[in-house]
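# Structural description and commentary
Below are the chains, spelled out letter by letter.
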Amino acid sequence: MKLSKKDLLGIRDLTVDEINLILETAESFIEVSTRDIKKVPTLRGKTVINLFLEASTRTRTSFEIAGKRLSADTINISSTTSSIVKGETLIDTAKNLEAMNPDAIVIRHSAAGAPQILARIMKQPIINAGDGAHEHPTQALLDMMTIKAKKGKISGLKIAIVGDIAHSRVARSNIYGLTRMGAHVTVAGPATMMPRYIDRMGVRVCCRLEEAIRDADIIMMLRIQTERQQENLFPSLREYANYFCLNGENIKLAKDDVLVMHPGPINRGVEIAPEIADGPYSVILDQVTNGVAVRMALLYLLTGGK
Amino acid sequence: MKLSKKDLLGIRDLTVDEINLILETAESFIEVSTRDIKKVPTLRGKTVINLFLEASTRTRTSFEIAGKRLSADTINISSTTSSIVKGETLIDTAKNLEAMNPDAIVIRHSAAGAPQILARIMKQPIINAGDGAHEHPTQALLDMMTIKAKKGKISGLKIAIVGDIAHSRVARSNIYGLTRMGAHVTVAGPATMMPRYIDRMGVRVCCRLEEAIRDADIIMMLRIQTERQQENLFPSLREYANYFCLNGENIKLAKDDVLVMHPGPINRGVEIAPEIADGPYSVILDQVTNGVAVRMALLYLLTGGK
Amino acid sequence: MKLSKKDLLGIRDLTVDEINLILETAESFIEVSTRDIKKVPTLRGKTVINLFLEASTRTRTSFEIAGKRLSADTINISSTTSSIVKGETLIDTAKNLEAMNPDAIVIRHSAAGAPQILARIMKQPIINAGDGAHEHPTQALLDMMTIKAKKGKISGLKIAIVGDIAHSRVARSNIYGLTRMGAHVTVAGPATMMPRYIDRMGVRVCCRLEEAIRDADIIMMLRIQTERQQENLFPSLREYANYFCLNGENIKLAKDDVLVMHPGPINRGVEIAPEIADGPYSVILDQVTNGVAVRMALLYLLTGGK
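Since we're looking at a predicted model, the values are computed, not measured. (Residues numbered from 1 in each chain as written. Chains lettered and ligands numbered in written order. Predicted model: local features only at pLDDT ≥ 70, side-chain atom pairs only at ≥ 80, totals over all residues. Heavy atoms only, no water.)

Moving on: the packing of aromatic side chains. Aromatic rings in a pair are described by how distant their centres are and how their planes are angled relative to each other. Enumeration over the complete set of coordinates arrives at six aromatic pairs over all chains. With a centroid separation of 5.5 Å and an interplanar angle of 75°, the aromatic rings of Phe 29 of chain C and Tyr 300 of chain C are classed as edge-to-face. You can see Phe 29 of chain C sitting in helix α1 (residues 16-30) and its partner Tyr 300 of chain C sitting in helix α10 (residues 284-303), a full 271 residues away along the chain. Judged by relative accessible area, Phe 29 of chain C falls into the buried class, the value being 9%. By relative accessible area, Tyr 300 of chain C is classed as buried at 19%. The aromatic ring of Tyr 197 of chain A is capped on one face by Arg 200 of chain A, whose charged end is 4.1 Å from the ring centroid. (Phe/Tyr/Trp six-rings, centres within 6.5 Å; stacked < 30°, edge-to-face > 60°. Helix = DSSP H or I, 4+ residues; strand = E, 2+ residues; numbered from the N terminus. Buried < 20%, exposed > 50% of the residue type's maximum accessible area, 1.4 Å probe, protein only. Lys NZ or Arg CZ within 6 Å of the ring centre and 35° of its normal.)

Listed below in structure tokens is the structure:
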């Protein structure tokens, strides 16, 4: 089976059937990473370029492992070593890479829309690994995979997303995906971190954490980008934590079998208390495991591997 | 077949027969990168070290893809992570790498002559991926391959090389190669960018772009290193572009079937107008594609792969 | 055969039998790196993560080559590109990596004890590739392998270790290993570079190079970290060299068949004179060659490869 799309640019573009196809394919790849020999010959002789023009460890590592477990040749290009510093345009970089006949390009870029530019001019499949504050579709897919694995479904679940909604590509991709899959999504965060017109995305908006997580099946905590404090989006980390840190007390408002998720890296004691991050409700590390499988599925589906 | 040389240090050292052997081998490798499974077992179990002590994306990526498509194990070492920062000499770095039994070393270095030092002390084949303002032989080989593929020959062609001739290793390697292959080479650029005694290299020297490209079969535009402007080699980028930018107007002076080449990354609107870079005469992306094949050929010929 | 340990954290933890098992396994792997096809399928489908949170070329390259020659998939993570910069704790980084199902983690870290932390929380084997001023066990193992290969034994040999004993993880690991294997170890260096209570480690302590190397079978010179001079551990490099540089004159005090070792990178003319580093007594490059074999042995023994 194959996705009818050439690229994975965002969740917004995906139908329910496409999301289900990706999740089911990912589920079938989970087993590969538990084998003694964690490798299938599916993408032997394919070249996957990881073009990471914004710093990242976990996503790049996850894609690299995914590619290698499918037997693809993986090439890493990072911003610090790239000729971007020599002033080449992204379009010229893309055309140059295309001329080397890769089979897929995974791109992370600090500018929203960069993967779209590549997709338009390159014949190869483009996978968005995070573009500015726009989308981070593989994160949302691994989140949905984790929810489905733990809850058996997504439809009908009450899901709270808490934190810096306005600047979070993780939040945007999850809002698109979860609402499309029939979940009831509530978002919460400081007013300075809430985008205008967010209600038009089909979500309920709260100002307070407690309100958002009441009776929730799933709580997704977003990373506070501590480097952003200087922009005065909130007075201090302590102040933020006072109001929006998920802890052993306020979590009692959620359902008894609530799942706690976080895209990582986590700020312990800022948006999430250590006892929650490491506690029984947390599926944070399942998310990481599922991330490799989701990326294997996308590389497979988009390059038409056999 | 095998090159009789241990190393590829520069085009200056190559005979016509050796250049032809490399180009023909490269032509036979072009097809590998168009397959569904882009991989041949030729260099399985060989270790290729890419020692890039000067920043580079395209050349390192091209060599890495070339190695992987031949099934070699590729190891990247870049200046930022190397113990060069700990004050080790290049000779000691080389001896250490040699002791790990690699099968080939690809080196880029900001100092002219660095690959020669390695070649002298290491038993393994050394491939020069660009040394200071000295030579960039794989670039010249891929340029010659592109010319031969498009024009069927190199001998007798009128070829103009335009830009910062004095500081360009691309220009030097191409002048050696193209004159040896029987082309008529003309160079042009500002007087501050023209090396003394350049005429002794067997080329015609012009001060004006228009004069150099008149009736040319091939125009090679060199990259202006915009970071070098502070050295006052030219008053401003705009001034440079006024006199030396190849554009839709002045290109009419060349032959109707002229080919436009550029080693990249290009500065749009400085040395080359966008309509030329992206236009019908441009073979810039063919150069990139051929680069992978040329590097595969050299890794194959120098390591005696089967 | 397999090590009964999950991890290789330090030489201090190893028994004589364990050291011998590692050295004998390493000896059997030496041959692989001399083959035409330098690759065995032993670790095919295994994922080895090189987590280098402190700069290193030679050790990372050595581990990467070792992994690839065993057919493992190798993933490099370095500090400059890691999310450590985003403030994630080492423990969270470790848990995240664990969730991606690697088969071994090689870690270098500037903080002593970092590998121990990983070993405690991760189910995968951890290999210490150098932690602060604590241990560098693979260096000591390759040193012991080199001694055994050249002298046929370790027991009973007179071994001098000279330099900055206090800050050297290489010295510590070698003192543990060599004394355990029955060698007579003497250490020498400036008083500012000699740890208190060093004599409790079972070594003889000298203040002068000449005294330490008299009748020595083996001299190990340590690297002076020239960047440390500002800490005023010694007045100047020249002063240090006057007293502690191994040269053609003072080496005559040692046995006629003395071996000179150095973990590299060397400071020529500081701790070792060029004529010694490049001379007949030097086995510095044998150490490097053996390093690949020792790392292959450890990856093999700890991941239970077949």
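Okay, back to it.
In this chain, Gly 264 of chain B is followed by Pro 265 of chain B through a cis amide linkage whose omega measures -10°. Notably, Asp 215 of chain A is not glycine yet its phi reads approximately 65°, a positive angle. Its location among the elements puts Asp 215 of chain A in the loop between α7 (209-213) and β8 (218-221).

Each partner contributes to the interface: chain B provides 27 residues, whereas chain A provides 26 residues. Roughly 2,500 Å² is buried in total at the junction of chain B and chain A, and carbon and sulfur atoms are behind 49% of that figure. When the shortest N-O distance is used, the salt bridge between Lys 95 of chain A and Asp 278 of chain B registers 3.6 Å. Linking chain B with chain A are 12 residue pairs in polar contact (both at pLDDT 80 or more), by the criterion used here. For the side of chain B that touches chain A, the secondary-structure elements that each account for two or more residues are α2 (58-69) and α10 (284-303) of chain B. Of all the elements, α2 of chain B adds the most residues to the side of chain B that touches chain A, at eight residues. (Contact = heavy atoms within 4.5 Å. Buried area = accessible area lost by both parts, 1.4 Å probe. Salt bridge = Lys/Arg side-chain N within 4 Å of Asp/Glu carboxyl O. Polar contact = N/O pair within 3.5 Å; in protein donor to acceptor, adjacent residues only side chain to side chain.)

Right, let's get into helix α1 (residues 16-30) of chain B. All names here are of chain B. Compared with the 21 Å implied by 1.5 Å per residue over 15 residues, the 21 Å span of α1 between its first and last C-alpha is a close match. Among all positions of α1, only Glu 18, Ile 19, Leu 21, Ile 22, Leu 23, Thr 25, Ala 26 and Phe 29 are buried. The secondary structure elements touched by the buried residues of α1 are α5 (137-151), α6 (169-180) and α10. (Expected span 1.5 Å × (residues − 1).)

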